[in-house]
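For reference, the chains in residue letters:
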Amino acid sequence: MNILNILEEIEKTDAEVYERISPRRKAMAEFYGFGKKIALASIPFALGTMFKKAYAQTASADVEAVLQFALTLEYLEAEFYTKGVAAAGLVPAGPALGAITTIRDHENQHVAFLKTALTSLGKTPVSKPTFDFSAGNGSNTGPFANVFSNYDTFLAVAQTFEDTGVRAYKGQAGALIGSGGVLTAALNIHSVEARHAAHIRQMRKARGANIKPWITGQDTGIGAIVQASYAGEELETQAGVKITGINGQMISASAATEAFDEPLTKAQILAIVDPFIV
Amino acid sequence: MLFFLLRACFFPLLKNNSKPFESGPRRYSQSTEHLKLFSDMENLTKKDEQIILQEQDILSAPLQRRSFLRYAGAGAAGIALLAAGCKKDGMMIDGSAGVNLGSGDVGILNYAYALEQLEAAFYIKVASSFYSGITEAERSLLSDIRDHEIAHREFFKNALGSNAIPGLEVDFSMINFSSRDSVLATAKAFEDLGVSAYNGAGVLIKDAGYLTLAGKIVSVEARHAALIRDLISNGTFANSEVIDANGLDKSRLPMEVLGIAAPFIKTKINANDLPKS
């Protein structure tokens, strides 16, 4: 089997092998030229070195991409709660303001933590984008235009951010396999976002929303405007195992969907947060 | 199951006896070791019978258990003898080593299955007779959590198939199920522990699909933890008991988690083969 066949074989399972080896395909042409000049026996060594370099770089780039993505989402949440706490008369003093302040502090800590993590990996943290929390793409007249003057709108956006954040981290976990501490840190942030989500949902319930700390079906408890953040949560089957009524247990369809939170891809998340980023 | 016991345990027993088929009825008195085995058997009969019945957890109804014994054509003592033999020879049932979770991703899934068994058993007990003074809202929320934990437990059982550990025997003797404080304090401990367990197990999982599945469950456990904490004291959903100065939740490795859970689980669990990194 010559090297071209080997690469073809790899391409069957890894369609992006050429891009991994070099983002520019012309590098492959260079490699072929290089291959002609060296003795046949040394090709396995050259190949191994090339792959090691290619996949190591890819892994590192993946980890960086996840951290930069997470940082962007944490910037969004941190500024949202910072503005919410600062908006006079928005969040009632007492337990409500206490909870929102706790959450704000966590999001700011996440921002600082992710920046430190990126810096320690030799990467430059992305800058904080300019946000439009009305979801108006910079017009500030989007559907949530009263987000910092209407408490219920504020809580609805908060719930959506938290539930979406949970789905975002979950969707990136697989990309962090082998990253050790980075994966654990991401998981440790992920469950904090879920705790936030549960509390915000209870805050909304206390104000009359028909909602639980967990996500039932793909119910938003808010309206169609945030449906993209809940689409897919209605899954009743996990890894081929039907959860509703599993093994004769009285597990309703609602409970089956509540018992498992679903991930979203990076592309799905970016589409959801796009209206909030100028 | 019995067939497996016979294959796994009886043959080694025979192997240890010299000329077993020639020794006749007196072979159990041929050495003091066998006498000791016999007295051990007396002591262990009840415990081992329980272990064997737990192996049969899938046939959980008492009638089915009786049917199993009848079908097996052996009394409990007979099975216990085999089990004692297994114990002596360090075979599949070993009271000191405990139920082995296994290795690799299967081991981690069994570890999660063990924790979900504990949580499900707890909430089933809670919901079978709610504490006094419970509100309608609390009743509804705790019933939901019970269903979620049963769903998790059954999911792992099915996903693991023949690799699944048996049903574990729990010990809730230190919980006062008629007391709101006792029930919620225990629920909080279990939920926070569950969150830290899944968080800590993430790096031990090799398969991306399993990792995502663990992620699908851990955020629900975190929602439970937040709710239970708020029921105890509103606003404690993510306080400094569980969240550090970096805004990170806790993560714990399996040995630490199992140590904390141990007082609530009668069945000994052997986690020695779980991945270490």
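Residues numbered from 1 in each chain as written. Chains lettered and ligands numbered in written order. Predicted model: local features only at pLDDT ≥ 70, side-chain atom pairs only at ≥ 80, totals over all residues. Heavy atoms only, no water.

Enquirer: Would you explain the overall build of chain A in this entry?
Expert: The secondary structure content of chain A amounts to nine helices and two strands. Overall, chain A shows an N-to-C arrangement of helices and strands of α-α-α-α-α-α-α-β-β-α-α. When each of the 278 residues of chain A is scored for burial, the buried share is 49%. Put simply, 68% of the contacts in chain A that link residues at least 6 apart link residues at least 24 apart. Of the accessible surface of chain A, which amounts to about 12400 Å², a share of 58% is contributed by carbon and sulfur atoms. (Helix = DSSP H or I, 4+ residues; strand = E, 2+ residues; numbered from the N terminus. Buried < 20%, exposed > 50% of the residue type's maximum accessible area, 1.4 Å probe, protein only. Contact = heavy atoms within 4.5 Å. Areas by Shrake-Rupley, 256 points an atom, 1.4 Å probe, with all protein chains shown as cover.)

Enquirer: Where do I start with the overall build of chain B in this structure?
Expert: Broken down by element type, chain B carries nine helices and two strands. Per-residue burial over chain B gives 52% buried out of 277 residues. Taking all contacts inside chain B whose residues are at least 6 apart in sequence as the whole, residues at least 24 apart take part in 80%.

Enquirer: Would you mind showing me how to read the packing of helix H6 (residues 151-172) of chain A against helix H9 (residues 266-273) of chain A here?
Expert: A packed helix pair is summarised by two numbers, namely the angle formed by the two axes and the spacing between the axes. Residues and elements named next belong to chain A. Their axes nearest at 9 Å, the elements H6 and H9 cross at an angle of 155 degrees. Our classification of the angle between H6 and H9 gives roughly antiparallel. As H6 runs across H9, the sense of the crossing is left-handed. In this structure, H6 uses Thr 164, Arg 167, Ala 168 and Gln 172 to contact H9, whose residues at the interface are Lys 266, Ile 269 and Ile 272. Per-class residue counts for the contact of H6 with H9 are three nonpolar, two polar and two charged. (Axes fitted to C-alpha atoms, helices over the stretch in contact; angles between N-to-C directions. Parallel < 35°, antiparallel > 145°, perpendicular 65-115°, else oblique. Left-handed = near helix turned anticlockwise from the far one by under 90°. Nonpolar A, V, L, I, M, F, W, Y, C, P; charged D, E, K, R; others polar.)

Enquirer: Would you take a moment to explain the interface of chain A and chain B for this structure?
Expert: Interface size is commonly expressed as the accessible area that is lost once the parts come together. At the junction of the two partners, chain A supplies 53 residues and chain B supplies 54 residues. Around 4200 Å² of area is buried between chain A and chain B when both sides are counted, 64% of it from carbon and sulfur atoms. Considering only the side of chain A, the residues that lose the most area to chain B are Asn188(A), Arg195(A) and Trp214(A), jointly responsible for 19% of the buried surface there. One can count six salt bridges joining chain A with chain B. Taken together, the elements giving at least two residues each to the side of chain A that touches chain B come down to helix H5 (95-120), H6, helix H7 (181-206) and helix H8 (253-258) of chain A. (Buried area = accessible area lost by both parts, 1.4 Å probe. Salt bridge = Lys/Arg side-chain N within 4 Å of Asp/Glu carboxyl O.)

Enquirer: What exactly am I supposed to notice about unusual backbone geometry here?
Expert: Comment: phi is negative for the bulk of residues other than glycine, and the bulk of peptide bonds are trans. For Asn140(A), which is not a glycine, the phi torsion comes out positive at approximately 60 degrees. With respect to the helices and strands, the residue Asn140(A) is situated in the loop between H5 and H6.

Enquirer: So what exactly am I meant to see when it comes to the nonpolar core here?
Expert: If you look at soluble globular proteins, the nonpolar side chains tend to sit buried side by side. In terms of nonpolar packing, the biggest core is built from 133 residues, with Phe80(A), Phe154(A), Ile243(A), Tyr111(B), Phe122(B), Leu142(B) and Phe156(B) touching the most fellow members. Element by element, the count of residues in this core is highest for helix H5 (residues 104-128) of chain B, at 13 residues. Every residue in contact with Phe122(B), bar those within four places of it in the chain, is listed here: Phe172(B), Ile175(B), Phe177(B), Val183(B), Thr186(B), Ala187(B) and Phe190(B). (Core = buried A, V, L, I, M, F, W, Y, C linked by side-chain atoms within 4.5 Å.)

Enquirer: What am I meant to see in the environment of Pro254(B) here?
Expert: Residue and element names in this part refer to chain B. Among the secondary structure elements, Pro 254 is positioned in helix H9 (residues 254-261). According to the relative accessible area criterion, Pro 254 is buried, its value standing at 8%. Sequence spacing of Pro 254 and Ile 108 is 146 residues, and the spatial spacing of their C-alpha atoms is 8.7 Å. Other than its neighbours up to four places away in sequence, Pro 254 contacts Tyr 111, Leu 204 and Leu 274.

Enquirer: Which parts of the structure should I look at to understand the packing of H6(A) against H7(A)?
Expert: Residue and element names in this part refer to chain A. Between H6 and H7, whose axes approach to 8 Å, the crossing angle comes to 150 degrees. Judged by the inter-axis angle, H6 sits roughly antiparallel to H7. Classified by chirality, the crossing of H7 by H6 is left-handed. Across the interface between the two elements, Tyr 151, Leu 155, Ala 156, Ala 158, Gln 159, Glu 162, Asp 163, Val 166, Tyr 169 and Lys 170 from H6 touch Ala 186, Ile 189, His 190, Glu 193, Ala 194, His 196, Ala 197, Ile 200, Arg 201, Met 203 and Arg 204 from H7.

Enquirer: When you look at the side chain of Asn110(B) in this model, what are you seeing that I'm missing?
Expert: Residue and element names in this part refer to chain B. Mapped onto the elements, Asn 110 comes out in helix H5. For Asn 110, a relative accessible area of 1% gives the class buried. The residues contacting Asn 110, other than those within four sequence positions of it, are Leu 101, Leu 160, Asn 163, Ala 164 and Ile 165.

Enquirer: Any chance you could explain the pattern of salt bridges here in plain terms?
Expert: Applying the stated criterion across every chain, the model contains 23 salt bridges over all chains. Where salt bridges share partners, they join Arg195(A), Lys188(B), Asp192(B), Arg229(B), Glu241(B) and Asp249(B) into one cluster.

Enquirer: Just checking my understanding: could you explain helix H7 (residues 180-201) of chain B for this structure?
Expert: Note on helix geometry: an α-helix contains 3.6 residues per turn, so any two residues three or four positions apart are oriented the same way. If you check H7(B), its first and last C-alpha atoms are 31 Å apart, about what 22 residues at 1.5 Å a residue would give, namely 32 Å. The element H7(B) is extensively covered by neighbouring structure, given that 17 of its 22 residues are classed as buried. (Expected span 1.5 Å × (residues − 1).)

Enquirer: I keep staring at H7(A) and nothing clicks. Help me out?
Expert: All names here are of chain A. An ideal rise of 1.5 Å per residue puts 38 Å on 26 residues; H7 measures up with 38 Å between its terminal C-alpha atoms. For H7, a buried count of 23 out of 26 residues is recorded, marking the element as mostly surrounded by other parts of the structure. Phi turns positive one or two residues past the end of H7, at Gly 208, with a value near 105 degrees.

Enquirer: Quick question: what am I supposed to make of the confidence of the model for chain A here?
Expert: Close reading of the predicted structure is inappropriate where its pLDDT is low. Residues and elements named next belong to chain A. Mean pLDDT for chain A: 86, with 79% of residues reaching 70 or above. Below pLDDT 50 for its whole length, residues 1-7 participates in 13 contacts with residues either more than four positions away or in separate chains. The model gives residues 20-59 a pLDDT under 50, and that stretch makes 32 contacts with residues more than four places away or in other chains. (pLDDT = per-residue confidence, 0-100.)

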